[in-house]
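Descriptive structure summary
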Amino acid sequence: MTTPPPPPPPPGLRERKKRATREALREAALRLAVERGPDRVRVEDIAEAAGVSPRTYNNYFASREQAIASAVTGDREARVAAAVAARPEGARLADAVTEAVVEQYTRDGEREQRALLLITSRPALRDAFLGTTAGIELPLAEVIAARLGDGGAHTARVLAASVAAAVRVALEGWLRPTRHAPAGEGRDAGGLVVPSGALPDRLREALAPLAPAFDAAEGRTRS
């Protein structure tokens, strides 16, 4: 039986400051985008509202779209990994990953809902939002590797990358412009996107083909 990894040490002062700065930038980006509209917000405006320099801003985000999209994703990547790690040790790994992803991608508060409304109306914001799925890979790979034990690091990276790709596929389908939207909605790449279908169902459907690979990896670990 694989011994679960010890809990990580609490973050130090430097890490806490970095997290606080990132959160301030997210909050400022979303607030200004809601007040002015995303197209009227500059990186300099976000940096000033968060109390940092544009140079500091660039250490965290490459564009205003990334900062706004980050307001809806938050630290979701770490939360997905933490949710998998919190599952009982005997739980099937495929189920643990699926439920963790569904749980973290469908628990949105008021701030996330406001950000999602903006994201569905701007192609650049949708692209930035979809790009955040790549962040799942590294933290999730660490948790999967811990479950698989010695020699499972490579397999864990492959599985985690596959999960990130599956989540992106699910979100792309969910945010696809509808052909039957009312006039002015979803009519072209710049129109409003109407999320279609239940997101939990789309996520489970996209992740289902990965279950045999997870089962095979767990089987090799047990043997």
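Notes on the structure follow.

What counts as what
Residues numbered from 1 in each chain as written. Predicted model: local features only at pLDDT ≥ 70, side-chain atom pairs only at ≥ 80, totals over all residues. Heavy atoms only, no water. Phe/Tyr/Trp six-rings, centres within 6.5 Å; stacked < 30°, edge-to-face > 60°. Buried < 20%, exposed > 50% of the residue type's maximum accessible area, 1.4 Å probe, protein only. Lys NZ or Arg CZ within 6 Å of the ring centre and 35° of its normal. Axes fitted to C-alpha atoms, helices over the stretch in contact; angles between N-to-C directions. Helix = DSSP H or I, 4+ residues; strand = E, 2+ residues; numbered from the N terminus. Parallel < 35°, antiparallel > 145°, perpendicular 65-115°, else oblique. Left-handed = near helix turned anticlockwise from the far one by under 90°. Contact = heavy atoms within 4.5 Å. Nonpolar A, V, L, I, M, F, W, Y, C, P; charged D, E, K, R; others polar. Arc of directions from axis to C-beta.

1. Side note on the packing of aromatic side chains
All chains considered together, the criterion is met by one aromatic pair. Between Tyr57 and Phe61, the aromatic rings sit 6.0 Å apart at their centres with planes inclined by 50°, giving tilted as the arrangement. Phe61 matches Tyr57 in its accessibility class, with the two residues each being buried. Positioned above the aromatic ring of Phe61 is the side chain of Arg22, whose terminal nitrogen or guanidinium carbon lies 5.3 Å from the ring centre. One residue, Arg76, lies across the ring of Tyr105, its end atom 4.2 Å from the ring centre.

2. Brief notes about the packing of helix H10 (residues 153-174) against helix H11 (residues 199-207)
Contact geometry of H10 with H11 gives a least axis separation of 8 Å together with a crossing angle of 140°. Relative to H11, the element H10 lies oblique. Viewed along their axes, H10 and H11 form a crossing whose handedness is right-handed. Where H10 abuts H11, its residues Val163, Ala166, Val167, Ala170, Leu171, Gly173 and Trp174 lie against Leu199, Arg202, Leu203, Ala206 and Leu207. The class makeup of the residues in the contact of H10 with H11 is ten nonpolar, one polar and one charged.

3. Considerations on H11
Buried within H11 we find Leu199, Leu203, Ala206 and Leu207. One side of H11 carries all its buried residues, which in axial view fall inside an arc of 95°. Along H11, the residues that are exposed and aim more than 90 degrees away from the buried face are Asp201 and Glu205. Buried residues along H11 sit against helix H6 (93-105), H10 and helix H12 (211-222).

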